[in-house]
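# Understanding the architecture of this molecule
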Amino acid sequence: MAEGLRGVCHGTLPGIAFDDGDQLFGGPKTEILVHHLLARGRAPEALEQAHAALDLAASQPHPLGEAKLRLAHAEALLANGRAPEARAALTRALELGPDEHEALGQRAMVLTRLGDRAGALGDLERAMKLSPSSPEYVYLHIALAHDRSDHAAKIAALADPIERFPDTEVFRKQRAEQHARRGDHASALQDWDTLIAAFPD
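So, a few notes on the structure that sits alongside this text.

Cut-offs and rules
- Residues numbered from 1 in each chain as written.
- Predicted model: local features only at pLDDT ≥ 70, side-chain atom pairs only at ≥ 80, totals over all residues.
- Heavy atoms only, no water.
- Salt bridge = Lys/Arg side-chain N within 4 Å of Asp/Glu carboxyl O.
- Helix = DSSP H or I, 4+ residues; strand = E, 2+ residues; numbered from the N terminus.
- Buried < 20%, exposed > 50% of the residue type's maximum accessible area, 1.4 Å probe, protein only.
- Phe/Tyr/Trp six-rings, centres within 6.5 Å; stacked < 30°, edge-to-face > 60°.
- Contact = heavy atoms within 4.5 Å.

### Thoughts on the pattern of salt bridges
- Scanning all chains against the criterion turns up 10 salt bridges.
- Salt-bridge contacts for E95 lead to R92; the nearest nitrogen and oxygen are separated by 3.2 Å. One end of the pair is E95 and the other is R92, both in helix α5 (residues 83–96) and three residues apart, which spans about a single turn.
- Two residues, D147 and R117, come together in a salt bridge whose shortest N-O distance is 3.7 Å. Here D147, found in the loop between α8 (135–145) and α9 (151–164), pairs with R117, found in helix α7 (residues 117–130); they are 30 residues apart in sequence, far enough to count as distant.
- Using a relative accessible area of 37% as the deciding quantity, one classes R117 as partly exposed.
- Each member of the salt-bridge network shares a partner with another, and the members are R172, R175 and D191.

This is how it looks when you write it as structure tokens:
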């Protein structure tokens, strides 16, 4: 999803030692610890940490806000296969912080998993308005808004983000794939050539 804590931390914290002093339930390190555990495949422990932090937050305000804490809790719930509870946690996070675009993006993914496409699209539209510089919401919205076989509609929808996010290769890559699925191999090759020139590595 977003270049938030989860995106930054997944696979990038193997050298950090989280000792007992770092397990500050309800403290600013809670989210980092939860994401670290999820990145290591330790979903049950991540959920335990999030639960403990929420318990403490009931009597001691969380430094980064309860909405942020509930976002981490929701990610841990989802990693443990508890999508309906993750949806409830994200809804609560949004009640506490209506402008938390990461919670909207995360809830959109949960709603998609639960089969609520309309609800997911609504959340993504709100997230895009709150954070117009975040390409991940645009990408997810395009993926959900059009049927898989409607290649022409996806190609048309991809034109704007390709211009708005020139440093994000996924949009042009997706358009190349859509062109190829339509049988327009010349346009697909043009997009691939542009990608290779722009991202040689």
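And the narrative resumes.
### Things to note about the packing of aromatic side chains
- Using the criterion set out here, one finds two aromatic pairs in the structure.
- Measuring from centroid to centroid gives 5.8 Å for F165 and F171, while their planes differ by 20°, and the two rings are stacked.
- When its relative accessible area of 11% is taken as the criterion, F165 is described as buried.
- Judged by its relative accessible area of 0%, F171 is buried.
- Taken together, the aromatic side chains of Y139, F165 and F171 make up a single cluster linked through ring pairs.

### Topic: the environment of P132
- As for its placement among the helices and strands, P132 is situated in the loop between α7 and α8.
- Taking the C-alpha atoms as reference, P132 lies 10.0 Å from R164; in sequence the two are 32 residues apart.
- Here P132 is in contact with R164 and F165, once residues within four sequence places are set aside.

The quantities given are spatial measurements derived from coordinates; they are silent on function.
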